[in-house]
2 protein chains.
Amino acid sequence: MDELDSAIVAHLQADARLTNRELARRLGVAPSTALERVRLLRERGVIRGYHADIDLAALNRPVEAFVACRVRPLSRAVIDNFKAALNSLPEVLASYVCAGDDDFILHVAVPDLERLHEFLIDRLSERREVLGFRSSIIFESTRKPVFAELPS
Amino acid sequence: MDELDSAIVAHLQADARLTNRELARRLGVAPSTALERVRLLRERGVIRGYHADIDLAALNRPVEAFVACRVRPLSRAVIDNFKAALNSLPEVLASYVCAGDDDFILHVAVPDLERLHEFLIDRLSERREVLGFRSSIIFESTRKPVFAELPS
DNA sequence: GTCGCTGCCGAACTTCGTTCGACGGCTCCT
DNA sequence: AGGAGCCGTCGAACGAAGTTCGGCAGCGAC
């Protein structure tokens, strides 16, 4: 991970469809060099994939929320089982297994508040391992590119 | 947003670097058709961009957490100001303005727990609008593609 | 029925991805 | 200090992909 790698990561994070030639031009290296670097970054797992960023509102899911869950007992079986269950719920965009007040944090997207309520009482409350949960409606979200180095 | 658009969105969400020809082949349409559809999806804002998915551990930031903050007063000025401040903190990957127990939820990534602690006490606690916060260390995270339609 | 519109197609042209042999700098060893 | 081997970079060449554009077919309106 030298400076060139960091620059590649930064550029592809901002625009994953940059042509290799354009990437090389911006870095000031030959296209073949850029290609080889990107290949190595993928091989090493630094770049895990490329994904289109989709507007949830356009997909009729304008309402987003975080749902923080507590589940019991906190055994591996229960955790794995709950994780798998979350995976098959289309409302759930992402799920996080956590330490802290909450055991799971879910990022959900639904068409409206009614569908959120339905999700909470029909999908979560129904499950016996779920002790309780708190919901936070998301008004606005901001994502940033990740930089390789943190300033001290 | 017909079926073809949905299929395009699904494919590009899974792999944003699919060649247009391969995309067209999978959809069973001509490359020029696929290209035009993708162009329209971008123009309409359905596809907002393409981003490389980077392994945070490879960038020396293996420790992730959610930090839920309460700030006061909840005025527009304070909220906008806090949002802007978060934007310039490199530890913060994403920030969310929320309704619920918490006013802000931050997704942070740091090299180690010490840096997390530093962030909390030097960056957050220092700010006068911050009443308090709760942290949840992330053990495991799972993201899923977004499907256009939710089953009823 | 016909006119007009919209979306899809396929060919042509431009640009890009990808491979490969060679060159240059670096390190390590003697 | 000198030489050998290695790693990363380069540039050219070829095959593949992106992009444009004219035309055509299906559909709706009048």
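For the structure itself, look to the data block above.
Summary of the structure given here. Only a predicted model underlies this, so the values are computations on that prediction, with no experimental measurement involved.

**A closer look at unusual backbone geometry**
Most of the time, phi is negative for any residue but glycine, and the peptide bond is trans.
Residue and element names in this part refer to chain A.
Argument step 1. Going from R72 to P73, the amide bond is cis rather than trans, its omega being -5°.
Argument step 2. With respect to the helices and strands, P73 occurs in the loop between β2 (63-71) and α4 (76-87).
Argument step 3. Although it is not a glycine, N60 sits at a positive phi angle of roughly 65°.
Argument step 4. Its location among the elements puts N60 in the loop between β1 (47-54) and β2.

**Comments concerning the pattern of salt bridges**
Argument step 1. Applying the stated criterion across every chain yields a total of 36 salt bridges over all chains.
Argument step 2. The salt bridge involving R37 of chain A is made with D5 of chain A; its shortest N-O contact spans 3.0 Å. Pair noted here: R37 of chain A is in helix α3 (residues 31-43) and D5 of chain A is in helix α1 (residues 3-14), with a separation of 32 residues, a long-range link.
Argument step 3. Salt bridges sharing common partners tie together D101, D102 and R134 of chain A together with D101, D102 and R134 of chain B.

**Looking at the pairing of strand β4 (residues 104-110) of chain B**
All names here are of chain B.
Argument step 1. Among the seven residues in β4, seven count as buried, and that is most of the element.
Argument step 2. Burial along β4 is two-sided: the residues F104, L106, V108 and V110 and I105, H107 and A109 are all buried.
Argument step 3. Taken together, the seven bridges between strand β2 (residues 63-71) and β4 define a ladder with antiparallel strand orientation. Paired with E64 across the two strands is A109, which belongs to β4.
Argument step 4. For strand β3 (residues 92-99) and β4, the ladder comprises five bridges, and the chain directions are antiparallel. Looking at the pairing, A94 lines up with H107 of β4.
Argument step 5. Joining the antiparallel neighbours β3 and β4 is a turn of four residues, in which G100 adopts a positive phi near 135°.

**Examining the protein's contact with DNA strand D**
Argument step 1. Taken together, L4, V29, A30, S32, T33 and R37 of chain A together with T19, N20, R21, S32 and L35 of chain B make up the full set of residues adjacent to DNA strand D.
Argument step 2. In DNA strand D, atoms within 4 Å of the protein come from the sugar-phosphate backbone in 53% of cases.
Argument step 3. One of the side-chain nitrogen or oxygen atoms of S32 of chain A is found 2.8 Å away from a base oxygen of DNA strand D.
Argument step 4. Between R37 of chain A and DNA strand D, the recorded distance is 2.5 Å, taken from a side-chain N or O atom to a phosphate oxygen.
Argument step 5. Elements that contribute at least two residues to the surface near DNA strand D include exactly α3 of chain A together with α2 (20-27) and α3 (31-43) of chain B.
Argument step 6. Counting residues per element, the surface near DNA strand D draws most heavily on α3 of chain A, at three residues.

Thresholds, definitions, all that
- Residues numbered from 1 in each chain as written.
- Chains lettered and ligands numbered in written order.
- Predicted model: local features only at pLDDT ≥ 70, side-chain atom pairs only at ≥ 80, totals over all residues.
- Heavy atoms only, no water.
- Helix = DSSP H or I, 4+ residues; strand = E, 2+ residues; numbered from the N terminus.
- Salt bridge = Lys/Arg side-chain N within 4 Å of Asp/Glu carboxyl O.
- Buried < 20%, exposed > 50% of the residue type's maximum accessible area, 1.4 Å probe, protein only.
- Pairing = 2+ DSSP bridges.
- Near = heavy atom within 4 Å.
- Polar contact = N/O pair within 3.5 Å; in protein donor to acceptor, adjacent residues only side chain to side chain.

Keep in mind these values describe shape, not function.
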